[in-house]
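# Inside the fold
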Amino acid sequence: MPQPWQDTSLSAEDRAAALLSSMTLEEKLAQLAGVWPGSEAEEGEDVAPLQHEVSEAVDLDGLLPHGIGQLTRPFGTSPVEPAEGAAALARLQARIAAGNRFGIPALAHEECLTGFFAWRATVFPTPLAWGASFDPALVGRAAGLIGGSLRSAGIHQGLAPVLDVVRDARWGRTEESIGEDPYLVATIGTAYVRGLESAGIVATLKHFAGYAASRGGRNHAPASIGPRELADVVLPPFELAVRDGGARSVMHSYNDIDGVPSAANPWLLTELLRDTWGFTGTVVADYFGVSFLELAHRVADTRGGAAGLALAAGVDVELPAVRCFGTPLRDAVRAGEVDEALVDRAALRVLRQKCELGLLDPDWSPMPSALAGAVDSAGPADVDLDHDADLDHDLDLDLDLDLDLDHDLDLDLDLDLDLDHDLDLDLDLDPPEMRAVARELAEESVVLLADDGDVLPLAPDARIAVVGPLADDPAAMLGCYTFPRHVGVEHPGLPLGLEVPTLFAALRAELPGARITHAEGCAAPGPAASAGDAGGAASAGAAALTAESRLAQAARAAADADVCVAVLGDRSGLFGRGTSGEGCDAADLELPGEQGALLDTLVATGTPVVLVLFTGRPYALGRWSSLLAAAVQAFFPGEEGGPAVAGVLSGRVNPSGRLPVSVPYAPGGQPWTYAQPPLGLGENNASSIDPTPLFPFGHGLSYTSFAWERPEADATEVPTDGETTVRLTVRNTGDRAGTEVVQLYLHDPVARIARPVSRLIGYARVPLRPGESAEVHFAFHADLASYPLGADGTRVVEPGALELRLASSSADSAVRHTVPLTLTGPERTVDHRRRMVCEVRVK
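### Points about the overall build of the protein chain
When you go through the protein chain residue by residue, the secondary structure sums to 23 helices and 28 strands. The C-alpha radius of gyration of the protein chain comes to 27 Å, within 12% of the 28 Å expected for a compact globule of 843 residues. Residues classed as buried in the protein chain amount to 64% of the 843 residues present. Within the protein chain, residue pairs in contact and separated by at least 24 positions form 80% of the contacts whose partners lie at least 6 positions apart. Carbon and sulfur atoms make up 48% of the accessible area of the protein chain, which amounts to about 28600 Å² in all. Averaged over its 61 positive side-chain charges, the protein chain has a centre that lies 8 Å from the centre of its 121 negative ones.

### Some remarks on the packing of aromatic side chains
Taken as a whole and judged by the stated rule, the model has 16 aromatic pairs. Their ring planes at 40 degrees and their centres at 6.3 Å tell us that Phe 117 and Tyr 481 sit as a pair that is tilted. A residue pair is termed long-range when its members are at least 10 positions apart, and Phe 117 in the loop between β3 (107–111) and α6 (127–133) and Tyr 481 in the loop between β11 (463–467) and α18 (483–486) qualify at 364 residues. The same class applies to Phe 117 and to Tyr 481, which are both buried. Aromatic rings pair up to connect Phe 134, Tyr 183, Tyr 674, Phe 697, Tyr 745 and Tyr 763 into one cluster. The aromatic ring of Trp 708 is capped on one face by Arg 816, whose charged end is 4.5 Å from the ring centroid.

### Topic: helix α22 (residues 595–604)
All buried positions along α22 are accounted for by Gln 595, Gly 596, Leu 598, Leu 599, Leu 602 and Val 603. In a view along the axis of α22, the buried residues occupy a sector of 155 degrees, so they form one face of it. Of the surrounding secondary structure, the elements contacted by the buried residues of α22 are β11, α21 (547–559), β13 (563–569) and β14 (609–615).

### Focus: the packing of helix α9 (residues 227–234) against helix α10 (residues 236–243)
Two elements in contact, α9 and α10, have axes separated by 6 Å at closest approach and are oriented at 45 degrees. Comparing the axis directions of α9 and α10 gives the class oblique. Facing α9, whose interface residues are Leu 230, Ala 231, Asp 232, Val 233 and Val 234, α10 presents Pro 236, Pro 237 and Phe 238. When grouped by side-chain class, the residues that make up the contact of α9 with α10 number seven nonpolar, no polar and one charged.

### Focus on the nonpolar core
Counting residues in each nonpolar core, the largest one holds 180 residues, and the members touching the most others are Phe 208 and Phe 325. Broken down by element, the residue count for this core peaks at eight residues, all from helix α8 (residues 182–198). In this structure, Phe 208 is in contact with Leu 235, Phe 238, Val 250, Met 251, His 252, Ser 253, Ser 262, Leu 268, Leu 269, Leu 272, Leu 273 and Trp 277, ignoring residues within four places of it in sequence. Counting residues in hydrophobic clusters, the runner-up holds 39 residues, among them Ile 464, Val 563, Ala 630 and Leu 649.

### Observations concerning the sheet that holds strand β23 (residues 787–788)
Strand order across the open sheet formed by three strands is β23-β24-β27, with antiparallel pairing between neighbours. Looking at which strands have only one partner, the edges of the open sheet turn out to be β23 and β27 (828–830). Where β23 meets strand β24 (residues 795–797), two bridges bridge the pair, whose relative direction is antiparallel. Bridging across to β24, Tyr 787 finds its partner in Val 796.

### Some thoughts on the sheet that holds strand β6 (residues 249–252)
With parallel pairing, the seven strands of this open sheet are ordered in space as β1-β2-β3-β4-β5-β6-β9. Each having just a single partner strand, β1 (34–35) and β9 (282–284) make up the two edges of the open sheet. Sheet strands touched by helix α15 (residues 340–356): β3, β5 (202–208) and β9. Its angle to β9, the strand with the most contacts, is close to 110 degrees.

### Thoughts on the environment of Pro 678
Summarising the element assignment, Pro 678 is placed in the loop between α23 (641–650) and β16 (706–708). Residue Pro 678 is classed as partly exposed on the basis of its relative accessible area, which comes to 47%. In this structure, Pro 678 is in contact with Arg 755 and Val 757, ignoring residues within four places of it in sequence.

### Some points on the pattern of salt bridges
For the coordinates displayed, the defined rule picks out 51 salt bridges. Arg 141 serves as the salt-bridge partner of Glu 440, at 3.4 Å between the closest nitrogen and oxygen. Within this pair, whereas Glu 440 is found in helix α17 (residues 432–445), its partner Arg 141 is found in helix α7 (residues 136–152), the two being separated by 299 residues in sequence. On the basis of relative accessibility, which here comes to 44%, the residue Arg 141 falls in the partly exposed class. Salt-bridge contacts for Arg 623 lead to Asp 600; the nearest nitrogen and oxygen are separated by 2.4 Å. Taken together, the residues span a long stretch of sequence, with Arg 623 in the loop between β14 and β15 (630–635) and Asp 600 in helix α22 at a distance of 23 residues. Taking relative accessible area as the criterion, Asp 600 reaches 30% and is therefore assigned partly exposed.

### Quick word on the pairing of β6
Side-chain alternation along β6 places Ser 249 and Met 251 on one buried face and Val 250 and His 252 on a second face that is also buried. When β5 meets β6, the two strands line up parallel, connected through three bridges. Considered in β6, the bridge of Phe 208 is made with His 252. Sheet topology note: the β6/β9 ladder contains three bridges and is parallel. Bridge pairing in β9 places Met 251 opposite Val 284.

Rules of the game
- Here the residue numbering is sequential within each chain, running from 1 through the sequence in written order.
- pLDDT decides what is reported in this predicted model: residues at 70 or higher carry local features, side-chain atom pairs at 80 or more are listed and counted, and totals for whole chains, interfaces and linings draw on all residues regardless.
- Excluding hydrogens and water, the side-chain figures rest on all heavy atoms present in the structure.
- Secondary structure is summarised from DSSP: a helix means a run of H or I of at least four residues, a strand means a run of E of at least two, and numbering begins at the N terminus for each.
- The atom set for the radius of gyration is the C-alpha atoms, and the globule formula is 2.2 Å times the number of residues raised to the power 0.38.
- Exposed residues in this analysis have more than 50% of their type's maximum accessible area, buried residues have under 20%, and partly exposed residues fall in between, with area computed by a 1.4 Å probe over protein chains only.
- Pairs of residues are marked as contacts when any of their non-hydrogen atoms sit within 4.5 Å.
- The Shrake-Rupley method, run with a 1.4 Å probe sphere, supplies the accessible areas, and residue values consider only the shown protein chains as cover.
- This count recognises Lys and Arg as positive and Asp and Glu as negative, with His and chain-terminal groups excluded.
- Lysine's charge is taken at NZ, arginine's at CZ, aspartate's at CG and glutamate's at CD.
- Paired rings are identified among Phe, Tyr and Trp, the last through its six-membered ring, by centres lying within 6.5 Å, and are further divided according to the angle between planes into stacked (under 30 degrees), edge-to-face (over 60) and tilted (the rest).
- Charge-over-ring contacts are defined here by two conditions on Lys NZ or Arg CZ: a distance within 6 Å of the ring centre and an angle within 35 degrees of the ring normal.
- Arc definition: directions from the helix axis to the C-beta atoms.
- Axis lines are fitted to C-alpha atoms, over the contacting stretch for helices. Their N-to-C directions set the angle, which ranges from 0 to 180 degrees.
- Here is the rule for angles: anything less than 35 degrees is roughly parallel, anything more than 145 is roughly antiparallel, 65 through 115 is roughly perpendicular, and the remaining ranges are oblique.
- Only Asp, Glu, Lys and Arg are considered charged in this grouping, and only Ala, Val, Leu, Ile, Met, Phe, Trp, Tyr, Cys and Pro are considered nonpolar; every other residue, Gly among them, is considered polar.
- In this text, buried Ala, Val, Leu, Ile, Met, Phe, Trp, Tyr and Cys residues form a nonpolar core when linked through side-chain atoms within 4.5 Å.
- Being paired, for any two strands, means DSSP has found at least two bridges between them.
- A pair is scored as a salt bridge if a Lys or Arg side-chain nitrogen falls within 4 Å of a carboxyl oxygen belonging to Asp or Glu.

Here it is, written out as structure tokens:
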């Protein structure tokens, strides 16, 4: 007879409570921490903050009798063939379940910011490119495919999306963020959450909260923000993803706000997240975040003290490994320094989630669906899970199914694994369907910044000089949270594991009748590439030339061409090993390295120059604003980024991307985002610095033209608890199909606190054939005009005049039409149940 926690007719809550009541303190604590097998064996650079200083050897044998809560990055720690990784994970899960008296397996998590974080897995565009697409539906589709891939290999939890709103683009993790606008981040991020959760994967919102608002754009720095900015800018994306997205996990951030570290903030992690928003999932630590309470924030003087602070605040799981939530926390509980009820609270949440995932069901098997499919076709007797996979990292992972049931438990654990036969198993993590969606998202995310109309699209028989250190480098497409740039660079000679066409190669395929030449022009930005680095060979070739000879070679190539395509930008990396990425913060927003001088040289030749940027953040382009024939921005567009950008340059793809972050005119104009109160704009002469961007948030051009007819509103007087619908007809007046992105901004002329002059509250992608029109309906609710009046985050909707602005970007000059509204009736106080999304229909 199954035990109560195995009874699937009971609720997950009741099952978890029954199991918890039978557990010892050590067994409960074991569920509150992860292990990172093999991390200590990796001798390369850190892939997590202070990884090698804080990491300790994993005593798996010592941990198994009490159980293991989580497995950290079973695919994303070192290269492993996908099928072997799935087999090794299944073998390890079987051992974990067999090693504890309740048969509880671990919950396995993996990074998934740009796809399944595994060797040979599809690399999707980085989140900043999701924002540039302005397409939640497509982002949701991509997330669903990513989730299905994770689940097929035995992963339960994905550490994405990043919902940090960009406040200073010098921050290295700008590439991981969706944009500078909270509404865009909220809607795109929530779509990603829904997609991941629809595949049965636990989505993890990060980093909660204020991480991107750090002083000086520095990683891990304190956040200098007030309660209203926190309520109005930082929190709404998390709020929407919890409430409407159904996210089942939240990761705390590393920073502190007003002196209180997020990992030790009970108001943030318990009162707001759980008591107000109703979140019922698990709060997990950012890697080593609990330890940092002792080592970095210095708000605790022992491991046990750090564990007690985090547990009391609401952190349920210590990641990536057990350092504080193990013996130190046990000793603090037994000494009466930490209430065991806090351990029970966290353990109940963890066990409930494992119930929801089916990990405590009587028919649970460690066999993931990818291997189960092989079983279905070959028969159980042909399955061999005893591959020599790198995941083992010299740990003794022999499977021992002998269970010690001295506690009179009637436990039936049927793992049904046969390790005696070989199986030729292939797990494809980069199938055509995923590449197709990666291509579609890449194409939609490319932003045409500028175009004089004379050069683009490129003539099919043109003489084209493709110049730049990133022109023939696959690394140009890949952000820091892609396997090749995060882990692969630490393994010299390791193949990329998938096809990543460069822009040079893609243009040659796109325009077979053109004469296309290539010159590097300067060294690749950032530290010298290692032998195992994507693009390392190209960088080594560039190093053999002097800077002067490289420039001269590039100038000759440009002078001999009809058009020069200058391919510049970032090389992603970690902790200073790149120009963009975690720990790769920038002092200013100048183009990295020698690339500015290269661009000066190219425009001086007199040949029309088309600038193509592959970056993880915006860079100041004002110096060349009147000198370029065209400019194209791509934010680390993934494995299909080369063909996507080539398609835009050839005209096969009509660009429809819009800027999710403003492009500054000068590097000193930052930090800046468009949603500023009047004194934050450059409309007065009180400062010698003008922050007005060269290209504003929401900006993007097309190869066709669109007409916007005068809008109509159902009502222009709306109660403070009412709504109205605004209708706008958009017509394609050009000669080729294209997609317009209609943006709806709210302007509040007078409020009781200084408010942004304009802020995004809705948007719609409108695909149209030549001559075709469509009607866009925006359902505006008065809740969308609410703002935090009180320092405690209390939000109000106040009566008075408003203006809806239908625009092609956030700039005043881009406003096509305005709709004046008057809110009538009493002032209302609203909370987390308010309407947060402007529903849009395109008819």
